[in-house]
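Single-letter residue listing:
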Amino acid sequence: MADVRVRFAPSPTGDLHVGGARTALFNWLFAKNRKGKFILRIEDTDEVRSTEASVKVILDAMKWLQLDWDEGQPDNENLKYSPYYQMERKEKGIYQKYADELVTRKLAYYCYCDPEEVDDIRKKSQINKLPPKYDGRCRYSTLEQREQQKKRGKVPVVRFRMPDTGIVVLNDIIRGKIKFDNFLLDDFVIIKANGTPTYNFACVVDDYLMKITHVLRGDDHISNTPKQMHIYNALNWEMPEFAHLAMILGSDGSRLSKRHGHISVLEYRKEGYLQEALINYLVLLGWSTEDSQQIFTMEDMKQKFSIERCGASPSVFDSAKLLWLNGEKIRSKSSDQIYELFIDWINYTGNDKLIKNWDTELLKKAIFLERDKIKLLKNIPSLVDFFFTKDIDYEEDAIRTVLLSEKSKNVAELVLTKSLIGLSNHQDFSAVSLEKYARHFAMDKNIKTSQVFHPIRVAISGRKQGPSLFHMMEIMGREEVVRRINVTINKFFT
RNA sequence: GCUGCCAUCGUCUAGCGGUUUAGGACAUCGCCCUCUCAAGGCGGAGGUCACGGGUUCAAAUCCCGUUGGCAGCGCCA
């Protein structure tokens, strides 16, 4: 069997959002699984809304997600079917050529109707409870009539001549056979008045020319498919296989959009999600293995992915599960790896003042201690910043309940003053040794271990919560621990 | 309005006619571990498989209908 060739064909009219990313991912996975090619094509035929900036943002998002493409500009040298920007292809006359062929063969025709006129026709049709379609009144216009329109300065569009009867059957890989009544389809525009092809035409021409074997896209395209199939047929072109992926919905059950919060891929990056977490989450929406495996490596996905196991029903985007997966991925990494990821995030977001003058080695150690708590890369600073700030930032609540409450303040003072001396002279500043020391201390004074541990924690970090106390002390070092305890005593107990 | 798609715990899903008292994951609740917070371990609750008809000895699984949700209906893609 010939190698599979799939494509992701975004229109650069905005950010790459999670729905588009999922489509790109599934195409990419399918290509990888079948050792085929993944092509990136930019569908920029909407001259009003397409922007360079969008192209860049989409490309950046694809790169971050590590969905590399085998063909397509601008970062790939393999340009066998170039160009991969539709407006550049239009300039080369690629689409016009086939539109002309269809016109010559009377399978398409020039239409001089004004948009307003077409609108009227549709509305009237709808009022009569009929499908809103253009009535094809220009189908039989004579050469003379057309010349007349031209003289009046009118520029025509090219419409495809849809069969009035019969049906077309789409055999979708995911949904099986779907039938469409040709009568319900209208003579859609294939070339706009400005000479640009419309989506349904450019898409078919390019998919054919680029030898695309499988079209994997969102199911909002199902109703476009019969139109496209008619183009293939009219041009006597072999059709690719089609697979329509179920939509990703917001928590209210409607199509994911801005009002459901951030949906742009790059916003997830800014929030501190890992590429692999987003990918892993996305692969779970609409695809599953027989054992309902949840956590995948990229390699794992590539190996197991298949279109046949894609579901037909839409899924709701659940950010809680994404967050869990992100924590899961972070926990599976070494502190060095998390550190690298964190630095990438810092550089990407330009948050470098957040970690100004932080010692790298200390940061790595701190990350190791707090690893299990990191859900997002952006949580790291607030989790470990107390290691780096010279002035202890005491939490109100910690002062009130641990250091100065009626019940605890005497014990706290005793613990701190005694441990100040004890720790100053403590030779082995390892966590194990420190814990031994603290437990003996508690036993000696006949107080609970927690009455020893908690005041020290607050004294050196200013917080009630934090990493394992003795590991924290170990990496802080004796000098700093003693200094902080001393500062705390002076501040609250003199 | 027309057309199409979809329908299993709150959410993502397994399930392709009998092995199912419907399995897993997230979220939620409880217990354990424990110097706090997490993480981890164990356990609980949560589904009349949208509803109604068939087909069959047997249906979440096949067929039809109903309802509901969503999508498309542009010289947007």
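Throughout what follows, the structure given in this document is the object of discussion.

What about the protein's contact with RNA strand B?
Taken together, the neighbourhood of RNA strand B is formed by 63 residues, with Asp 46, Lys 192, Lys 373, Arg 439 and Phe 453 sitting nearest. Residue Ser 288 places a side-chain N or O atom 2.8 Å away from a phosphate oxygen belonging to RNA strand B. One of the backbone nitrogen or oxygen atoms of Glu 290 is found 2.7 Å away from a sugar or linking oxygen of RNA strand B. Of all elements in the fold, only α5 (115–127), β4 (157–160), β6 (176–181), β11 (315–316), α12 (319–331) and α19 (449–461) reach the threshold of two or more residues within the surface near RNA strand B. Among the elements that make up the surface near RNA strand B, the one with the highest residue count is α12 (five residues). Here the residues of the surface near RNA strand B sort into 21 nonpolar, 19 polar and 23 charged.

Describing the environment of Glu 144
Within the fold, Glu 144 resides in helix α6 (residues 143–151). In this structure Glu 144 comes out as exposed when scored by relative accessible area, which is 62%. Each C-alpha atom of the pair Glu 144 and Ser 54 lies 44 Å from the other, and the pair is 90 residues apart in sequence.

Some remarks on the environment of Leu 184
Its location among the elements puts Leu 184 in the loop between β6 and β7 (189–191). Leu 184 sits in the partly exposed class, given a relative accessible area of 45%. Separated by 117 residues in the primary sequence, Leu 184 and Met 301 place their C-alpha atoms 40 Å from one another. Leaving out residues up to four positions away in the same chain, Leu 184 has contacts with Pro 131 and Lys 133.

Considerations on the packing of aromatic side chains
Under the defined criterion, the tally for this structure stands at 16 aromatic pairs. On the basis of an interplanar angle of 20 degrees and a centroid distance of 6.1 Å, the ring pair of Phe 342 and Trp 345 is categorised as stacked. Linking Phe 342 with Trp 345, this pair stays in helix α13 (residues 335–349), spanning three residues, or about one helical turn. Here Phe 342 falls in the buried class, since its relative accessible area comes to 0%. Ring centres of Phe 387 and Phe 388 lie 6.5 Å apart, and the angle between their planes is 65 degrees; this geometry places the pair in the edge-to-face category. Taken together through their ring pairs, the aromatic side chains of Phe 26, Trp 287, Phe 296 and Phe 305 make up a single cluster. Between the NZ or CZ atom of Arg 269 and the centre of the ring of Tyr 348, over which it lies, the distance is 3.8 Å. The side chain of Lys 364 reaches across the aromatic face of Tyr 339, ending 5.1 Å from its centre.

Conventions and cut-offs
Residues numbered from 1 in each chain as written. Chains lettered and ligands numbered in written order. Predicted model: local features only at pLDDT ≥ 70, side-chain atom pairs only at ≥ 80, totals over all residues. Heavy atoms only, no water. Near = heavy atom within 4 Å. Polar contact = N/O pair within 3.5 Å; in protein donor to acceptor, adjacent residues only side chain to side chain. Helix = DSSP H or I, 4+ residues; strand = E, 2+ residues; numbered from the N terminus. Nonpolar A, V, L, I, M, F, W, Y, C, P; charged D, E, K, R; others polar. Buried < 20%, exposed > 50% of the residue type's maximum accessible area, 1.4 Å probe, protein only. Contact = heavy atoms within 4.5 Å. Phe/Tyr/Trp six-rings, centres within 6.5 Å; stacked < 30°, edge-to-face > 60°. Lys NZ or Arg CZ within 6 Å of the ring centre and 35° of its normal.

Keep in mind these numbers describe shape, not what the thing actually does.
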